[in-house]
Amino acid sequence: MPPDMTDRSDEGEDDLVAAEFVVGTLPLEERGRARARIATDPTFAARVREWEERLAPMTGAAEPVPPPAHLYAGIESSLFPAAPAARPGLWTNIGFWRGMALTSLLAFIIAAGTLIFYQVVPRPLSQPLVAALDAKGSDVKLVALYNEAKRQLVVRPLSGSPAADRDFELWFIGPDKKAISLGVLPKGGKTADIAVRPALAARFAGGTTLAITDEPLGGSPTGVATGPIVAAGELKSI
Amino acid sequence: MATAEADIDEKDLDRLIARIALRDRVAFARLYSLTCAKLFGISLRILRDRPEAEEALQEVYVRVWLRAGQYASSRARPMTWLISIARNHAIDLVRSRGLPRAGLDEAEAIADPAPDPEAQVASQSERRRIDACLGELEAERARAVRAAYVEGYSYEELATRFGVPLNTMRTWLRRSLLRLRECLER
């Protein structure tokens, strides 16, 4: 260190190293040491942050330059390798699902779901969640798969259907036990494909519960579940 | 005169990064379109090689996607967070090349603060403020600070360029940074 530094205290020295790290002048090895300190020393990390904020306006001297248009595709393909179109097959074959006991179903989904989902989103950037929905004394059984990256919830009925003058309504139940409606399920054994709104998607994580209630046509008139729960299950990460 | 895009709204960027943390690809595409020219410009100035800067930019946005979840706890302003990812990556690349870069002589015409009327992001007033504070330093030392921060010069490269011993350069730069901070906090 030059002998004539104006600030020789350790704190002053730390602050200067933080500044040098941000300016970028440190040789590779010292740069590595500074980076290790950022990871382990919150005070030092805070100093680095302060210098980053302080000096950032200097980047105004670097003219913005539009990168070539193809670049974004390269970023996307390295983050989200091409998804094959949704695969028909087992997932859409209702007979296959009906033939399975619900208990073995979950184990199957965990195995197969991993495969199916990772073919669509091959890297574990998004964590698929799965739930098997049923209830004691009810013949209503469904499976639900939630794709976090797409905020897409797919609910497939396996057995049981509402009476002609009733609808099944799907609810999200968070840790606070409040039920939030995700909408009325289509009738006739059709799969529901639900786009979850961003605010709610933030709360989807392992440990939340999906529930189905029996409601008047069009769903609960009050926004609060009125009918009995005919099936429920916890969302678990695969 | 500022163009319509001149000022990227920080709150918008904040929201976009929060949505990216939730794996929202639409938000990611939007953030890219708003910020890629700025970050590419920064990377190009440091790397001075177009193909390398293009590759670096891809890596920068991969990191943005992967680290978006850490953004909230970083307590950084959104553009500063992005700039830091881009600059750190570019500087790591030039430092790990080891040898001083070719073309330093041609870079002589380093950015004296020819004010850029369409400067994005750093609000005009922040930019003016740091320019004013750099203006309080001796001209040569201000150039050294800019060459380091904007062009990614190492101490070794700066010492060669300004014809002073390495330790002297380090002392210069450190003093300049302290004065700069003192001025910015005034």
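Because the structure is predicted, anything quoted here is derived from the model rather than measured.

### Quick notes on the overall build of chain B
Thought 1: If you tally the helices and strands in chain B, you get eight helices and zero strands.
Thought 2: For chain B, the succession of helices and strands along the chain, N to C, is α-α-α-α-α-α-α-α.
Thought 3: Counting only residues that meet the buried cut, chain B has 54% of its 186 residues in that class.
Thought 4: Of the contacts formed within chain B by residues at least 6 apart in sequence, a portion of 65% connects residues at least 24 apart.
Thought 5: Within the structure as shown, chain B displays about 8400 Å² of accessible surface, and the carbon and sulfur contribution to it stands at 52%.

### Description of the interface of chain B and chain A
Thought 1: Contact with chain B, which involves 65 residues of that partner, is made by 55 residues of chain A.
Thought 2: With both chains or domains summed, chain B and chain A bury close to 5700 Å², and 62% of this area falls on carbon and sulfur atoms.
Thought 3: Salt-bridge contacts for Glu20 of chain A lead to Arg170 of chain B; the nearest nitrogen and oxygen are separated by 2.7 Å.
Thought 4: Counting every contact that joins chain B to chain A gives 26 residue pairs in polar contact (both at pLDDT 80 or more).
Thought 5: Of all elements in the fold, only helix H2 (25-47), helix H3 (50-74), helix H4 (78-97), helix H5 (124-135), helix H6 (139-151), helix H7 (155-162) and helix H8 (166-185) of chain B reach the threshold of two or more residues within the side of chain B that touches chain A.

### Concerning the confidence of the model for chain B
Residues and elements named next belong to chain B.
Thought 1: Model confidence for chain B is summarised by a mean pLDDT of 85, while 82% of its residues fall at 70 or above.
Thought 2: Under a pLDDT of 50 for its full length, residues 1-6 has, in the predicted model, eight contacts with residues more than four places off or in other chains.
Thought 3: Low pLDDT, under 50, characterises residues 104-121; the stretch is placed with 41 contacts to residues that sit more than four places away or in other chains.
Thought 4: If you check the scores for this complex, the pTM reads 0.60 and the ipTM reads 0.88.

### Points about the state of the cysteines
All names here are of chain B.
Thought 1: Evaluated as defined, the whole model comprises one disulfide over all chains.
Thought 2: Each disulfide pairs two cysteine sulfurs, and for Cys133 the partner residue is Cys183, the sulfurs being separated by 1.9 Å. Since a negative S-S torsion denotes a left-handed disulfide, the Cys133-Cys183 link at about -75° is left-handed. Of this pair, Cys133 sits in helix H5 while Cys183 sits in helix H8, and the two are 50 residues apart along the sequence.

### Quick notes on the packing of helix H2 (residues 28-40) of chain A against H4 of chain B
Thought 1: The geometry of H2 of chain A relative to H4 of chain B is characterised by a closest axis approach of 10 Å and an angle of 145° between their N-to-C directions. Packed against H2 of chain A, whose contacting residues are Leu28, Arg31 and Arg35 of chain A, the element H4 of chain B presents Asn88, Ile91, Asp92, Arg95 and Ser96 of chain B at the interface.
Thought 2: Considering only residue class, the contact of H2 of chain A with H4 of chain B consists of two nonpolar, two polar and four charged.

### What about the side chain of Thr213 of chain A?
Residue and element names in this part refer to chain A.
Thought 1: As for its placement among the helices and strands, Thr213 is situated in strand S7 (residues 209-216).
Thought 2: Polar side-chain contacts of Thr213 include one of 2.7 Å to the side chain of Trp171.
Thought 3: Other than its neighbours up to four places away in sequence, Thr213 contacts Asp167, Phe168, Glu169, Trp171, Ala225, Gly227, Pro228, Ile229 and Val230.

### Describing the confidence of the model for chain A
Residues and elements named next belong to chain A.
Thought 1: Considering every residue of chain A, the mean pLDDT works out to 78; 75% of them sit at 70 or more.
Thought 2: At the low end of the mean pLDDT range in chain A sits helix H5 (residues 94-98), at 50; at the high end sits helix H3 (residues 42-55), at 95.
Thought 3: In this model residues 84-93 is a low-confidence stretch, pLDDT under 50, and it forms 13 contacts with partners more than four residues away in sequence or in other chains.
Thought 4: When the criterion is pLDDT under 50, residues 117-125 qualifies, and its contacts beyond four places in sequence or with other chains add up to 24 contacts.

### Focus: the layout of surface pockets
Thought 1: In this structure, the largest pocket occupies an estimated 650 Å³ of space.
Thought 2: If you go around the largest pocket, you meet 22 residues; those closest to its centre are Ile38 and Glu52 of chain A together with Arg67, Ser74 and Trp81 of chain B.
Thought 3: Breaking the lining of the largest pocket down by element, the ones donating at least two residues are H2 and H3 of chain A together with H3 and H4 of chain B.
Thought 4: Counting residues per element, the lining of the largest pocket draws most heavily on H4 of chain B, which supplies seven residues.

### Some details on H4 of chain B
Thought 1: Over its 20 residues, H4 of chain B extends 29 Å from the first C-alpha to the last, a length consistent with the 28 Å expected when each residue adds 1.5 Å.
Thought 2: With 17 of its 20 residues buried, H4 of chain B lies for the most part within the structure.

### Focus on the sheet that holds strand S4 (residues 166-173) of chain A
Residue and element names in this part refer to chain A.
Thought 1: The strand order across the open sheet formed by four strands is S5-S4-S7-S8, and the pairing between neighbours is antiparallel. Single-partner strands in this sheet number two, and they are strand S5 (179-184) and strand S8 (229-234). Across the sheet, the mean angle from the axis of one strand to that of its neighbour is 25°, orientation sign disregarded.
Thought 2: Bridge analysis of S4 against S5 gives five bridges, and the strand direction is antiparallel. Paired with Trp171 across the strands is Ser181, a residue of S5.

Conventions adopted
- Residues numbered from 1 in each chain as written.
- Chains lettered and ligands numbered in written order.
- Predicted model: local features only at pLDDT ≥ 70, side-chain atom pairs only at ≥ 80, totals over all residues.
- Heavy atoms only, no water.
- Helix = DSSP H or I, 4+ residues; strand = E, 2+ residues; numbered from the N terminus.
- Buried < 20%, exposed > 50% of the residue type's maximum accessible area, 1.4 Å probe, protein only.
- Contact = heavy atoms within 4.5 Å.
- Areas by Shrake-Rupley, 256 points an atom, 1.4 Å probe, with all protein chains shown as cover.
- Buried area = accessible area lost by both parts, 1.4 Å probe.
- Salt bridge = Lys/Arg side-chain N within 4 Å of Asp/Glu carboxyl O.
- Polar contact = N/O pair within 3.5 Å; in protein donor to acceptor, adjacent residues only side chain to side chain.
- pLDDT = per-residue confidence, 0-100.
- Disulfide = S-S within 2.5 Å.
- Axes fitted to C-alpha atoms, helices over the stretch in contact; angles between N-to-C directions.
- Nonpolar A, V, L, I, M, F, W, Y, C, P; charged D, E, K, R; others polar.
- 1 Å grid on protein atoms, 1.4 Å probe; cavity = no way out; pocket = protein on both sides within 12 Å on 5 of 7 lines; lining within 4 Å.
- Points joined across faces, edges and corners; volume = space filled by probe spheres on them.
- Expected span 1.5 Å × (residues − 1).
- Pairing = 2+ DSSP bridges.

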